[in-house]
Amino acid sequence: MKSRFRFFPKASIGTYLIAMAVATALPIFALVALLLAQLEDNQRSILRRETAQDATALARSIDRQLQDMATTLRLLSTSPELESNDFASFYARTETALRANTLYVIAVDERGQQLLNTRRDYGEPLGIAGNLAAIDAAVKSGRIEASDVFMGKTSGEFVYNVTMPLQVGKVRALIITQNARDLARLVTTEGLPSGWSAAVIDQNGHVVASAGATSIGYGEPFDTRILPSLFESSGVYENKQILPKAMLGYAQIPGWSWKAVIWGPVATAQSSILTTWRFLAIGGVALMLLAVLAAYVVARQVRLTIRSIADMANRMGEGHIVAPVETSVIEANQVAVALSNASFDRSQTEDRLHFVMNELVHRTKNLLALVQAMMRQVAKGAESVPAYQAAVADRLDGLSRSIDLLTSEQWAGASLRRVIDIHFQSFPQATEQAEISGKDFILKPDVVQNLGLILHELATNSVKYGALSVPQGRVLLSWRNVQHEERNEPYVRFTWEERDGPSPQAPEGSGFGTTIIKNHAAAAFGGSVEIDFRPEGFYWALTAPRRTLERT
């Protein structure tokens, strides 16, 4: 015995229960932590993808604005007023059309001299256009281009130009200009995580427009450490030294020299994961303490119960007649009663004492095993502690009736009809609504317990869902001898048929009741069970060898 338990030190039951609670909880917490870590990685991958998508969406929005401006330039370039150099008429029509869009038109000649500027009244003296380099670049490339952001001479604000090279009359290039402040209306952080920012940067890395928690001023340079890495058409940039605990997504505006970027802290985008981590940490500690406390309380109760039973056993061993102790553990109370009865029998002969003790040990083991299995099965389907307690109490009441009957018969068995009557006493309606037929015979002691448990479960189910739940319902309980087709021995067939009750519904899962009336019934008696949810009522039949049932 020592070698078998050499790996387990001597300790109290409380220590072992607490260790079991901790050993059970820790792997669960470890598994949950592993799953959360995996979830965090998945969320980060999703965040990378969404960041790139948001940058692309912003790039598309800016592209639509620039394309609209380019389209406007193409339409304006076909104006007959430009060919005739009628700039006054061109000014009047253009200024009125674009006034509501915060867009302004500039026409320049080959020297860069402004021929007209809708920001100023027509006829006012105009100088050389600002940002000649952008105009020269557009003329050289022969296509419409967007300039870098720059401080406008006329507006006194940061502006940007969309330039179209043109050779019509005196006009060398036609320009639409807009304040960067007006473009900023398209740069929004709506839909982005809290604390994130967005910006549009020009070819030389200056901010055209920006918005968000860490927005950058018009014309200010973007971080020069990051810009060289934004060389692909779109992507995500992460650098723990430059952007600690942050992420940046970027996208090239197609057909233009600008880029759209969004950036922000990863923590705000993954706030739900962080909250879950905190909840796991706090909840894990709380649950661990609760488990340890529960284990301690249970251990203390079990320890007191064991000590009480042990004290009874010690006094009984000394030859005293002992009275049963009352504890909070039902099984312990049953053991206490059995010990008390055994102490009375001690006054009889030694042979009788040995017989009673051996029988007591055997019956107690069977009973505890049956109760333990029953409690485990009930626990699987219980939705709450009160429901579990009620279900256990109900089954224990049925089991106790069989035990009372066997005790009254000195565990020598009992008649089938008495078993039925004693269990139907728990269901008053069963006495009036049940029709019982069959020739009575004496059952074995273990059959009394098992069949009583099955009858109790059938009646309970009928009271809850079947024929016994309504006044007009009927239950037909009968048994008869049958001959097995393959084995040359007599069998008994029990049938439980319900009539005039609610239409039965097959359960979705296999609960404790199904296990008892089907699996347990077949295994206990070495027979077969048939269950059918017929339209007229629930049907149950047990066919078992008579030798496994009848006491000879």
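The preceding data block contains the structure.
Residues numbered from 1 in each chain as written. Predicted model: local features only at pLDDT ≥ 70, side-chain atom pairs only at ≥ 80, totals over all residues. Heavy atoms only, no water.

Helix and strand counts for the chain come out as 14 helices and 18 strands. The contacts in the chain between residues at least 6 apart in sequence include a share of 58% that link residues at least 24 apart. Approximately 29800 Å² of the chain is accessible, and the part contributed by carbon and sulfur atoms is 55%. (Helix = DSSP H or I, 4+ residues; strand = E, 2+ residues; numbered from the N terminus. Contact = heavy atoms within 4.5 Å. Areas by Shrake-Rupley, 256 points an atom, 1.4 Å probe, with all protein chains shown as cover.)

Let us now look at the side chain of Arg 546. Secondary-structure assignment places Arg 546 in the segment after β18 (537–545). In terms of polar contacts, Arg 546 uses its side chain to reach the side chain of Asn 481, at 2.5 Å. (Polar contact = N/O pair within 3.5 Å; in protein donor to acceptor, adjacent residues only side chain to side chain.)

Attention now goes to the environment of Val 208. Mapped onto the elements, Val 208 comes out in strand β8 (residues 207–212). Since its relative accessible area comes to 0%, Val 208 is described here as buried. Between the C-alpha atom of Val 208 and that of Val 149, which follows or precedes it by 59 residues, the distance is 5.6 Å. Excluding residues within four positions of it along the chain, Val 208 makes contact with Val 149, Tyr 160, Ala 180, Leu 183, Val 200, Ile 201, Asp 202, Tyr 218 and Trp 258. (Buried < 20%, exposed > 50% of the residue type's maximum accessible area, 1.4 Å probe, protein only.)

On to the packing of aromatic side chains, then. Taken as a whole and judged by the stated rule, the model has six aromatic pairs. Measuring from centroid to centroid gives 5.5 Å for Phe 222 and Trp 263, while their planes differ by 75°, and the two rings are edge-to-face. Residue Phe 222 is located in the loop between β8 and β9 (234–237), and its partner Trp 263 is located in strand β11 (residues 259–265); the two are separated by 41 residues in the primary sequence. Assessed through its relative accessible area of 5%, Phe 222 is described here as buried. Each ring, one from Phe 533 and one from Phe 538, has its centre 5.4 Å from the other, and the planes form 55°; the classification is tilted. With a relative accessible area of 34%, Phe 533 lands in the partly exposed category. Just above the ring of Tyr 539 sits the side chain of Arg 534; from NZ or CZ to the centre is 3.8 Å. (Phe/Tyr/Trp six-rings, centres within 6.5 Å; stacked < 30°, edge-to-face > 60°. Lys NZ or Arg CZ within 6 Å of the ring centre and 35° of its normal.)

This brings us to the sheet that holds β18. Strands in a sheet are paired, the pairing made by backbone hydrogen bonds, and the direction either parallel or antiparallel. Within the open sheet, the five strands sit side by side as β13-β15-β16-β18-β17. Their pairing is mixed. The open sheet has two free edges, formed respectively by β13 (434–437) and β17 (528–534), since each of these has just one partner strand. Ignoring which end each strand starts from, the neighbouring axes of this sheet average 15° apart. In this structure, strand β16 (residues 490–499) lies alongside β18, joined through seven bridges in antiparallel fashion. From the neighbouring strand, Val 492 faces β18, where its bridge partner is Ala 544. Running over the sheet, helix α13 (residues 445–465) touches β15 (474–483), β16 and β18 and is turned about 15° from β16. (Pairing = 2+ DSSP bridges. Axes fitted to C-alpha atoms, helices over the stretch in contact; angles between N-to-C directions.)

What follows is about the nonpolar core. Counting 49 residues, the largest nonpolar core has Ile 62, Leu 174 and Trp 258 as the members making the most contacts within it. Element by element, the count of residues in this core is highest for helix α1 (residues 13–77), at 10 residues. Here Ile 62 is in contact with Leu 183, Leu 186, Val 187, Val 200, Ile 253 and Trp 258, once residues within four sequence places are set aside. Ranked by size, the runner-up nonpolar core spans 36 residues in total, among them Leu 443, Leu 453, Ile 454 and Val 492. (Core = buried A, V, L, I, M, F, W, Y, C linked by side-chain atoms within 4.5 Å.)

Read these as geometric descriptors, not functional statements.
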